[in-house]
Amino acid sequence: MSRELEEEVGTAGLPTGDLTLGQHVGSGEVPRYRGGSRTPGWDDAVDLTKDPATIPDPSTCHVPEDLRAEIEAHMAKYPDTRSAAIPALMAAQKRHVWCTPEAIEQVACVMRLTPGYLVAVAGFYDMLETRPVGRHKVYVCTNISCSLRGADDLMDRVVEEIGDDPDFNVRSFECLGACDIAPMISVDDVYVGPVALEDVPTMVAQIRAGDEVLPEQQIIRRKSVDPNAVST
Amino acid sequence: MSSAILFKDIDQPGLNTLAVYRERGGYGDVLRKGLSMPREALVTELVNSGLRGRGGAGFSMGKKASFMPKGTMDKYLVCNADESEPGTFKDRELMTKSPHMLIEGMILGAYAAGATRAFIYIRGEYAQMADILDDAVAEAYDAGLLGNNILGTDHSLELAVHRGAGAYICGEETALLDSLEGKRGNPRLKPPFPANQGLYQGPTLINNVETLATIPHVLGMGADEYAKIGVENSTGTKLISVSGHVKRPGNYEIELGMSARDIIYGLCGGIEGDLEVKLWFPGGSSSPVLTKDDLDLAYDFDTLAKAGSMLGSGAIIVVDEETSVVDVCLKLAKFYKHESCGKCTPCREGTQWTVKMLERIKSGQATPMDLDIMASVQEQITGHCLCVLGDAMAMPVGSMIAKFRPEFEAYIEEARQRSDAELIASLDAPNEAPLVGSLV
Ligand SMILES: Cc1cc2nc3c(=O)[nH]c(=O)nc-3n(C[C@H](O)[C@H](O)[C@H](O)COP(=O)(O)O)c2cc1C
Ligand code: SF4
Ligand code: FES
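Thresholds applied
Residues numbered from 1 in each chain as written. Chains lettered and ligands numbered in written order. Predicted model: local features only at pLDDT ≥ 70, side-chain atom pairs only at ≥ 80, totals over all residues. Heavy atoms only, no water. Helix = DSSP H or I, 4+ residues; strand = E, 2+ residues; numbered from the N terminus. Rg over C-alpha atoms; globule rule 2.2 N^0.38 Å. Buried < 20%, exposed > 50% of the residue type's maximum accessible area, 1.4 Å probe, protein only. Contact = heavy atoms within 4.5 Å. Areas by Shrake-Rupley, 256 points an atom, 1.4 Å probe, with all protein chains shown as cover. Lys, Arg positive; Asp, Glu negative; His and termini not counted. Charge placed at Lys NZ, Arg CZ, Asp CG, Glu CD. Phe/Tyr/Trp six-rings, centres within 6.5 Å; stacked < 30°, edge-to-face > 60°. Salt bridge = Lys/Arg side-chain N within 4 Å of Asp/Glu carboxyl O. Axes fitted to C-alpha atoms, helices over the stretch in contact; angles between N-to-C directions. Parallel < 35°, antiparallel > 145°, perpendicular 65-115°, else oblique. Nonpolar A, V, L, I, M, F, W, Y, C, P; charged D, E, K, R; others polar. Core = buried A, V, L, I, M, F, W, Y, C linked by side-chain atoms within 4.5 Å. Pairing = 2+ DSSP bridges. Near = heavy atom within 4 Å. Polar contact = N/O pair within 3.5 Å; in protein donor to acceptor, adjacent residues only side chain to side chain. Buried area = accessible area lost by both parts, 1.4 Å probe. pLDDT = per-residue confidence, 0-100.

Draft legend 1. Spotlight on the overall build of chain B. A tally of regular secondary structure across chain B gives 18 helices and 11 strands. For chain B, whose C-alpha radius of gyration is 24 Å, the value lies close to the compact-globule estimate of 22 Å for 440 residues. Overall, chain B is about 90 × 45 × 35 Å in size when its C-alpha atoms are taken along their principal axes. Residues classed as buried in chain B amount to 60% of the 440 residues present. Look at the contacts in chain B between residues 6 or more apart in sequence, and 70% of them connect residues 24 or more apart. Summing over all exposed atoms, chain B offers an accessible surface of approximately 16200 Å²; the carbon and sulfur share of this is 52%. Between the centroid of the 42 positive side chains of chain B and the centroid of its 59 negative side chains there is a distance of 4 Å.

Draft legend 2. Representation of the overall build of chain A within the structure. Within chain A, the regular secondary structure consists of seven helices and four strands. Each helix (α) and strand (β) of chain A, taken in turn from the N terminus, gives the series α-α-α-α-β-α-α-β-β-β-α. Per-residue burial for chain A yields a buried fraction of 48% across its 232 residues. Counted over contacts in chain A with a minimum sequence separation of 6, partners at least 24 positions apart contribute 65%. Summed over all atoms, the accessible surface of chain A reaches about 11200 Å², with 51% contributed by carbon and sulfur.

Draft legend 3. Structural detail: the packing of aromatic side chains. Summed over the entire model, instances satisfying the criterion amount to 10 aromatic pairs over all chains. Between Tyr 139 of chain A and Phe 173 of chain A, the ring centres sit 4.2 Å apart and the planes meet at 15°, which makes this aromatic pair stacked. Taken together, the positions of Tyr 139 of chain A in strand 1 (residues 136-141) and Phe 173 of chain A in strand 2 (residues 168-173) put the pair 34 residues apart, joining distant regions of the chain. Exposure class is identical for Tyr 139 of chain A and Phe 173 of chain A. Each is buried. Geometrically, the ring pair formed by Tyr 168 of chain B and Tyr 336 of chain B is edge-to-face, given 6.0 Å between the ring centres and 75° between the ring planes. Within this pair, whereas Tyr 168 of chain B is found in the loop between strand 3 (158-163) and helix 8 (173-180), its partner Tyr 336 of chain B is found in helix 13 (residues 325-339), the two being separated by 168 residues in sequence. A single burial state applies to Tyr 168 of chain B and to Tyr 336 of chain B, both of which are buried. Three or more aromatic residues joined by ring pairs make a cluster, and in this case those are Tyr 168, Phe 335 and Tyr 336 of chain B.

Draft legend 4. Broad picture of the pattern of salt bridges. Tallying each qualifying case throughout the model produces 41 salt bridges over all chains. We note a salt bridge from Asp 302 of chain B to Arg 52 of chain B, for which the minimum N-O separation is 3.4 Å. Placement of Asp 302 of chain B in helix 12 (residues 301-306) and of Arg 52 of chain B in the loop between helix 3 (39-49) and helix 4 (61-66) is noted, with a sequence separation of 250 residues between them. Through salt bridges with shared partners, one network takes in Asp 180 and Arg 222 of chain A together with Asp 11, Arg 92, Glu 93 and Lys 97 of chain B.

Draft legend 5. Examining helix 4 (residues 115-124) of chain A more closely. Every buried residue of helix 4 of chain A is listed here: Pro 115, Leu 118, Val 121, Ala 122 and Phe 124 of chain A. Contacts made by the buried residues of helix 4 of chain A are with helix 2 (85-96) and helix 3 (101-111) of chain A.

Draft legend 6. Examining the packing of helix 13 of chain B against helix 16 (residues 389-403) of chain B more closely. Residue and element names in this part refer to chain B. The N-to-C vectors of helix 13 and helix 16 enclose an angle of 170°; their axes lie 10 Å apart at closest approach. The pairing of helix 13 with helix 16 is recorded here as roughly antiparallel in orientation. Packed against helix 13, whose contacting residues are Val 325, Val 328, Cys 329, Leu 332, Ala 333, Tyr 336 and Glu 339, the element helix 16 presents Leu 389, Ala 392, Met 393, Pro 396, Val 397 and Met 400 at the interface. Residue classes in the contact of helix 13 with helix 16 are distributed as 12 nonpolar, no polar and one charged.

Draft legend 7. Quick peek at the side chain of Ser 186 of chain A. Residues and elements named next belong to chain A. Mapped onto the secondary structure, Ser 186 falls in strand 3 (residues 185-187). Accessibility expressed as a relative area gives 2% for Ser 186, which makes it buried. Leaving out residues up to four positions away in the same chain, Ser 186 has contacts with Lys 137, Val 138, Tyr 139, Leu 176 and Tyr 191.

Draft legend 8. Inspection of the nonpolar core at higher detail. Counting residues in hydrophobic clusters, the biggest one holds 161 residues, and the most contacted among them are Tyr 125 of chain A together with Ile 107, Ile 361 and Phe 408 of chain B. Counting residues per element, this core draws most heavily on helix 6 (residues 99-113) of chain B, which supplies 10 residues. Not counting the four nearest positions on each side in its chain, Phe 408 of chain B is found in contact with Val 325, Val 326, Cys 329, Leu 358, Ile 361, Leu 371, Met 374, Met 400 and Ile 401 of chain B. The next biggest cluster of nonpolar side chains, apart from the first, holds 23 residues, and it includes Val 246, Ala 260, Ile 271 and Val 277 of chain B.

Draft legend 9. Expanded view of the side chain of Thr 291 of chain B. Tracing the backbone shows Thr 291 of chain B in strand 10 (residues 290-291). In contact with Thr 291 of chain B, other than residues within four places in its own chain, are Lys 278, Leu 279, Trp 280, Lys 403 and Phe 404 of chain B.

Draft legend 10. Region of the structure containing the sheet that holds strand 7 (residues 237-244) of chain B. Residues and elements named next belong to chain B. What the five strands build is an open sheet, ordered 8-7-11-9-10; its pairing is mixed. A single partner strand is all that each edge strand has here, and the edge strands are strand 8 (250-255) and strand 10. When strand 7 meets strand 8, the two strands line up antiparallel, connected through six bridges. When the bridges of strand 8 are listed, Val 242 appears paired with Gly 250.

Draft legend 11. Examining the site of ligand 1 more closely. Residue and element names in this part refer to chain B. Every one of the 18 residues lining ligand 1 counts as a neighbour, but Gly 55, Asn 80, Asn 207, Asn 208 and Thr 211 are closest to it. One nitrogen or oxygen atom from the main chain of Arg 54 is found 3.3 Å from an oxygen atom belonging to ligand 1. At 3.1 Å, a backbone N or O of Glu 173 approaches an oxygen atom of ligand 1. With the chains in place, 92% of the 610 Å² that ligand 1 exposes on its own is no longer accessible. Among the elements that line the shell around ligand 1, the one with the most residues is strand 4 (residues 204-208), at three residues.

Draft legend 12. A look at the sheet that holds strand 4 (residues 190-192) of chain A. All names here are of chain A. The four strands lie next to each other as 2-1-3-4, forming an open sheet whose pairing is mixed. Every interior strand has two partners, whereas the edge strands, strand 2 and strand 4, have only one. Averaged over neighbouring strand pairs, the angle between their axes works out to 20° when direction is ignored. Strand direction decides the pairing type here: strand 1 and strand 3, joined by three bridges, are antiparallel.

Draft legend 13. Highlighting the interface of chain A and chain B. Contacts between chain A and chain B engage 50 residues on the former and 72 residues on the latter. For the chain A and chain B pair, buried surface summed over both sides reaches about 4800 Å², with 56% attributable to carbon and sulfur atoms. The largest share of the area that chain A buries against chain B comes from Phe 124, Leu 148 and Ser 224 of chain A, three residues that together contribute 14% of it. Taking the shortest distance from any N to any O, the salt bridge between Asp 152 of chain A and Lys 331 of chain B comes out at 3.0 Å. When contributions to the side of chain A that touches chain B are tallied by element, the ones reaching two or more residues are helix 2, helix 4, helix 5 (144-148) and strand 4 of chain A. Per-element tally for the side of chain A that touches chain B: the top contributor is helix 4 of chain A, with five residues.

Draft legend 14. Highlighting the confidence of the model for chain A. Summary statistics for chain A give a mean pLDDT of 85 and a share of 79% for residues scoring 70 or more. Within the model, pLDDT remains below 50 along residues 1-28 of chain A, and this stretch shows 39 contacts once partners closer than five positions in the same chain are excluded.

Take a look at the structure:
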């Protein structure tokens, strides 16, 4: 597995040299390898002569203390610790931005499961990313109710505004359960809507600056009962 | 709105905190009364109230609780807060604004089921809502409302919030159980039903958020009083989520049996731009569509079933006359194709082919005969799948083809002419090299 960064690095600010695990966590820069990936060799072909990975050995697999504590806390909630698979993968993903091989290995080590099992679980769920993605989740709902209110144009506009910024993970998503604010977007788990096309530049600027996103349009501030709603 | 029960105090500031919830009468006499009743009496009360499941299938809540075996094995209560049916967003509102109502309902529900462990399976996208629930659960533990010997009774309950990670199929109860066990969310073969063999092989009662949150109210007003609300076989109030082309999309609490017209034109203020309704889904995207001729139907379980559709999760999606039925159909089919877990062939392949055929219609490559093929694919899916996700696409798609066939045919013809014209134009154009390319 090659640990070298791509030789010709076009983008300024990319770190050079070898990377140690977890180094990028919390810092603004996300290191990149060949193909824009954040994990060396992530797209290398599978070596078919090798046996599947077994449960990682705790003496050789380094798991950051806080991540281990978080996963163990999840495991303690259930009669069967395997139930913590999804929350544990989520926790690891939060740290590594996506389910990198290291992330999977760390979860596997703490939960005493094989990496293969966890990859299979991660592959099933939409929110667990098994490929390199950017750190800011922008889920644009393009299901029926939102698309009836212009979600497809909104999606195009968001993609246009964000361009190929690798720090974003823009996806069109199935119904997010907030069709009352259609067309809506979930920005790093914060629901906002209705989002007009004109709101998009502001929204993207707010995400880039780390500010609260469209505060007035957040679902958390919406009243449940519309005072104008009277039955005839 | 006169019929507010679940939504009575919903916009009360701070209702999500224990203090305000208590001020409004929560965790009081009703809970005490419930926990002091014999378990069977509580179940009977639920049966008599006529309360039907609010998650989709509409099965009697009390009956389901009565299927839970007696005995000392570990039993579980699971709250289905996956809420991924397109158009549905009522559980979100309840959990964000009044999480303690759900917890109180779960304490009583668990008691009725004889369960001592409970989980709320909430969809991963609802991270904000899950945080609110987590806080509420912690508050309830601190106040001795969860944990051992609740309110000094013999009843104990451990409650944990479990976050999913994005999969519609995990709303299906057996897939939910697998997912909760830390696996891929594939549905299980039934029987055994969860009441016999559910979570960790133990007897498990699974109910929707709204169903469980209603329990304290049933108990508070008494089953007989509760059963007086609504109509026969559809008692009580229902939270409905209305979305699409209405002027005031949102959640509303209605008395079951209200007419759809009153909902859409009364509560929701009519259609955007004062257009006509072309079609509406009465119970989420999985319900067969109805048209503007059906607007005077009473909104209750039996009437909608008789009209060939269903109340489902209570999510009304309204589509105006200017929207193409083909677009709606394609959106819908794509959703089910994406969410099919792939375990059984009719659903996995049927959803794929339906999308392919609809895309062919859109690109002008289809003939009217394809419509028949598509309709027959829907028939082959219906009733032939392991869970009802397959049917959930086949029924609405089938109903759209049946009810809007002329529109589909006109669309096919129009798209075909358009694509033919484009092909001819490209043939006529001088020095157009990619002729071969356009044919493959
Ligand atoms: C594909 C599929 C998705 C479902 N999604 C949900 C859901 O998101 N929420 C829910 O409460 N029930 C959902 N259900 C229904 C559940 O299987 C189950 O019937 C329900 O949770 C039972 O609760 P109730 O009796 O209180 O309605 C779904 C069913 C299917 C087949
Ligand atoms: S019907 Fe579809 S979702 Fe259900 S088990 Fe079969 S393939 Fe999976
Ligand atoms: S369709 Fe977009 S939130 Fe439901």
